[in-house]
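Structure at a glance
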Amino acid sequence: MTYFAGIDIGSLTTEVVILKGNDRMVSSAIDLTGTDCNEAVEQALGQALSRAGISRSQLSFIVATGYGRITIPFVDKKITEISCHGVGAHHLFPDSGTVIDIGGQDSKVIRIDKQGKVLDFTMNDKCAAGTGRFLEVMAGAFRLSLEDFGALSLKSKREIPISSVCTVFAESEVISLIAQNQAKEDIIRGLHRAVVNRIWSMVQIVGVHGAVTMTGGVAKNLGVVALLEEKLGGKIHIHSEPQIVGALGAALLAKRLFI
Amino acid sequence: MSLAQKARYNFMKDLGAPALLWLQEAQRKKRSRKPNPYLGPPLKCAGRLREIMTRHYYLSRFTKGAKPVAWVTSGAPVELLRVFDFYTIYPENHGALCGAQKKGPEICSEAEKKGYHPDLCSYARIDLGHAFSGKTPAGRLPRPDLLFCANNICQTVLYWYKELSYYWDIPLIIFDTPYNFQDIRKKDIEYMVRQFEEMIPELERISGRKYSHDRFRKIISIARESASTWGRVLATMKHRPAPMSIFDAFVHLAPIVSLRGLPVALDYYRILLDELEERIAKGIGAVTNERKRLMWDNIAVWFNLRDWSSLFAERGFNFVAATYTNAWAETIHYLDERFPFESMARAYSLVILNNNLSNRLKLMEQMIRDYEIDGLVILSLRSCKPYSVGQYDIRRLLGDRLGIRSVVIESDMTDFRTYSEEQTRTRLEAFFEALEV
Ligand code: SF4
């Protein structure tokens, strides 16, 4: 039996997916990237291998992706997360035409063709507005976990607009709103709106083509998803583990490249 | 102008400058780099180019009292100044030089300290920063007797040159070029010609030299010839493999920008053209294995030229066209010594940044066809708003009409504090992946 691995080294987490020759996912693992990419990869890969019950030598081809791909020495090929998310999203939801991937420090909107190949894409610039980092900093300001933060946004009855998308300015805006005793969920909803507006302008650059799939850790945030669906006027495909889509795409590409 | 100062200038021109150049070349040879296997042999002309530009900056230090000095914007009709023998300094070219030497952030922050905003064009910040601090990798720049500015490239230059004029209390001449919304109008040409007529007595007064129409016509014809020769230099890249790359062209652009109208620029481009034709005859390419041909939109990223040229070359990608390098071939050949003023008005007001977006779109479509372009790299520059605005629309329209693949990257041409290496690399690599298969 042949096995393939995809490793996605993001700024926040590292994911590994192991795939069988018949494209079936046999295991996956997620670990915090921390300050040492190599160590995170060893951890996550070790875990995924033991879950799959196979040894490293049984892997026929390994593809690395994500911002840390460059630092991993032993892989067979390095491919950008843009191509990998395209392939992964296509595999999970074959009708995907537009993929929104919001990770820790990057957000991207990718347009793919019927085979999952990238036709066009856009990415956020150097600034953190519209990324997972923005939400993380804001959740921190409320001392909330990211999940609670997203869920709370759904409870708002009277959204408070946040005028700044800059992480630094928005944070001070939020602090002053908290000091004014505004309801938490209303401020939080405003923050989600700011992120979604930013993402939406990227979506418009690439355009909505076919079904929309969302990947990356932020896809787990109910607040963001609800507002994005509202903009889109329809449902968004989300896998139960949206973070691993990049690693899955990498593993699928590993198989293609091996053959 | 004193005799002694003139004698000093001539002495430096004939003896000082050659001695300096000889020294510099000797040092260069000592620290020569390993050849890059993905790049073809370097252009032989490069040495001559270095010599011309070093000499130009070096001699500028001895102009005081010998020649009148003008600081000029890149799109200004410098031909008129040449009649009065102005020694011209191009702050934008100097900005590029600072960028290439990775001095952008340091000199920009000299302007920021005085309150200039980091969103202001980095050429302006470098120039003002230099004016306040004297910092420059070029040794020293001469204080100008005149500032000469044309707003055909942007409005930023207007305010920037006004600042200089205010700080140093020196005259500023502005050439105002109406924006070209559709086709150029007769009354716009008249308006511009009248400005030239008004400039002449001012230029006579500042330079202490008389206007000569014959001389002007000669200069116009040299400038036109230089621009057409530059155009032919660029057109050599239509060949497969292209004998040079746009990264070379960014560097070899310096004479047409800052020495336009002088015989030295024309002579230089003739030598360069000969060399390129020879390379074509021998099948020598700028990239060893040219597989895909790309086009560049916007100014060069000066601090990164070398890294990027190998990043692309490694994959067999060569840039063979750019709207930026093309700008000096596109309209200057309209110059006509039979109607020097009218033709000059036309040539300078139709430059890409003073012309409407449909013109730009048409131009790019044509270039994509002529140069058989596989992909387009669009650089969005926070510094240069007039160049960067509309790029997303152009990109979409070119994609729809020609099916051309493109990528947008973000940077500044000199201030690398706004540049994110990792993100840009990812964008470019994803673009490469999409171009393959
Ligand atoms: S704004 Fe653009 S055109 Fe104007 S000086 Fe700066 S780089 Fe040149």
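Residues numbered from 1 in each chain as written. Chains lettered and ligands numbered in written order. Predicted model: local features only at pLDDT ≥ 70, side-chain atom pairs only at ≥ 80, totals over all residues. Heavy atoms only, no water.

Remarks on the packing of helix α9 (residues 213-235) of chain B against helix α12 (residues 263-282) of chain B
Residue and element names in this part refer to chain B. Short version of the rule: To get an axis, a line is fitted to the C-alpha atoms, and for a helix only the part in contact is used. The angle between two axes follows their N-to-C directions and goes from 0 to 180 degrees. By definition, any uninterrupted DSSP run of H or I lasting at least four residues is a helix, any uninterrupted run of E lasting at least two residues is a strand, and each is numbered from the N terminus. We call two directions roughly parallel when the angle between them is under 35 degrees, roughly antiparallel when it is over 145, roughly perpendicular when it lies between 65 and 115, and oblique otherwise. Note on convention: near helix rotated counterclockwise from far helix by under a right angle means a left-handed crossing. Clockwise means right-handed. Note on contacts: a residue pair qualifies if any of its non-hydrogen atoms lie within 4.5 Å across the two residues. Side-chain classes follow a simple rule in which Ala, Val, Leu, Ile, Met, Phe, Trp, Tyr, Cys and Pro form the nonpolar group, Asp, Glu, Lys and Arg form the charged group, and the remainder, Gly included, forms the polar group.
Between α9 and α12, whose axes approach to 9 Å, the crossing angle comes to 20°. Accordingly, the angle class assigned to the pair α9 and α12 is roughly parallel. The chirality of how α9 crosses α12 is left-handed. Taking contact as the criterion, the partners of I222, E225, S226, T229, W230, R232 and V233 in α9 are, on α12, P263, L266, Y269, R270, L272, L273 and L276. In terms of residue class, the contact of α9 with α12 is made up of 9 nonpolar, 2 polar and 3 charged.

Focus: the sheet that holds strand β8 (residues 118-123) of chain A
Residues and elements named next belong to chain A. Inclusion rule: In this scheme, strands are said to pair when DSSP sees at least two bridges between them.
Ordered in space as β8-β7-β6-β9-β10, the 5 strands form an open sheet in which the pairing is mixed. Each edge of the open sheet carries a strand with a single partner, namely β8 and β10 (237-238). Note that strand β6 (residues 96-102) and strand β7 (residues 107-112) share 5 bridges and pair antiparallel. Residue pairing in the sheet places V99 in a bridge with I110 of β7.

Quick notes on the site of the ligand
So the rule is basically this: Near residues are defined by distance, with any heavy atom within 4 Å of the molecule or strand qualifying the residue.
In the neighbourhood of the ligand, the contacting residues comprise B:E92, B:C121, B:Y123, B:I153, B:C154, B:T156, B:V157, B:W160, B:I299, B:S383, B:C384 and B:M413. In terms of residue count, the dominant contributor to the shell around the ligand is helix α7 (residues 156-168) of chain B (3 residues).

Thoughts on the pairing of strand β1 (residues 69-72) of chain B
Residues and elements named next belong to chain B. The condition is simple: Throughout, exposure labels follow a simple rule: accessible area from a 1.4 Å probe, protein chains only, divided by the maximum for the residue type, with under 20% read as buried, over 50% as exposed, and the rest as partly exposed.
The side-chain alternation of β1 yields two buried faces, one formed by V69 and W71 and the other by A70 and V72. In terms of strand pairing, β1 meets strand β3 (residues 146-150) through 3 bridges, oriented parallel. Paired with V72 across the bridge in β3 is F148.

A few points about the packing of aromatic side chains
Residue and element names in this part refer to chain B. Note the cut-off: Side-chain rings of Phe, Tyr and Trp, where Trp is taken by its six-membered ring, are said to pair if the distance between their centres is within 6.5 Å; with planes under 30 degrees apart they count as stacked, over 60 as edge-to-face, and otherwise as tilted.
One pass over the structure, following the stated rule, counts 33 aromatic pairs over all chains. For the ring pair F247 and F312, a centre distance of 6.2 Å and an interplane angle of 40° mean the geometry is tilted. Placement of the pair is F247 in helix α10 (residues 246-252) and F312 in helix α13 (residues 305-313), with a sequence separation of 65 residues. In this structure F312 comes out as buried when scored by relative accessible area, which is 1%. Their ring planes at 65° and their centres at 5.4 Å tell us that F303 and F416 sit as a pair that is edge-to-face. With a gap of 113 residues between them, F303 in the loop between β5 (292-297) and α13 and F416 in the loop between β8 (405-411) and α19 (421-435) connect regions that are remote in the sequence. The exposure class of F303 is buried, given its relative accessible area of 7%.

Some details on the sheet that holds strand β5 (residues 77-78) of chain A
All names here are of chain A. Taken in spatial order, the 5 strands line up as β3-β2-β1-β4-β5 in an open sheet, and their pairing is mixed. At either margin of the open sheet sits one strand with a lone partner, and together these are β3 (25-32) and β5. Relative to β5, strand β4 (residues 59-65) runs parallel, the two sharing 2 bridges. Residue pairing across strands places A64 opposite K78, the latter belonging to β5.

Considering the nonpolar core
Inclusion rule: The term nonpolar core refers to a set of buried residues drawn from Ala, Val, Leu, Ile, Met, Phe, Trp, Tyr and Cys, joined through side-chain atoms within 4.5 Å.
B:W230, B:F250, B:W296, B:W302, B:F312 and B:V377 are the most contacted members of the largest nonpolar core, which has 151 residues in total. Formed by 34 residues, the second largest nonpolar core is a distinct cluster that contains A:I160, A:V174, A:I188 and A:L191.

Concerning the confidence of the model for chain B
All names here are of chain B. Condition: The pLDDT value tells you how sure the predictor is about a given residue, anywhere from 0 up to 100.
Per-residue pLDDT for chain B averages 93, and the proportion of residues at 70 or more is 99%. Looking across chain B, the model is least confident in helix α1 (residues 3-30), with a mean pLDDT of 75, and most confident in strand β4 (residues 172-175), with 98. Under the prediction, the complex receives an ipTM of 0.76, its pTM being 0.85.

A short note on a positive patch on the surface
Put simply, the rule reads: In this analysis, a patch consists of residues with relative accessible area above 30% that form no salt bridge, clustered at 9 Å for like charges and at 5 Å for the nonpolar side chains Val, Leu, Ile, Met, Phe, Trp and Tyr. The accessible surface values rely on the Shrake-Rupley method and a 1.4 Å probe; as for residues, cover is taken only from the protein chains in view. By definition, a salt bridge exists where a carboxyl oxygen of Asp or Glu is found within 4 Å of a side-chain nitrogen of Lys or Arg. When charges are counted, Lys and Arg are positive and Asp and Glu negative, with His and the chain ends excluded. Charge placement uses NZ in Lys and CZ in Arg. For Asp and Glu, CG and CD serve respectively.
On the surface, B:R28, B:R33, B:K102 and B:R306 cluster together into a positively charged patch. Looking at the element boundaries, B:R28 is found in helix α1.

Digging into the side chain of B:N298
All names here are of chain B. Quick reminder of the rule: Polar contacts, as counted here, are pairs of nitrogen or oxygen atoms within 3.5 Å of one another; within protein the pair requires one atom able to donate a hydrogen and one able to accept it, and residues that are adjacent in sequence qualify only if both atoms are side-chain atoms.
Topologically, N298 is positioned in the loop between β5 and α13. A distance of 2.9 Å separates a polar atom in the side chain of N298 from the backbone oxygen of L379. Polar contacts involving the side chain of N298 include one to the side chain of S388, which spans 3.3 Å. Residues within four places of N298 in sequence aside, it is in contact with T323, Y324, L379, L381, Y387, S388 and Q391.

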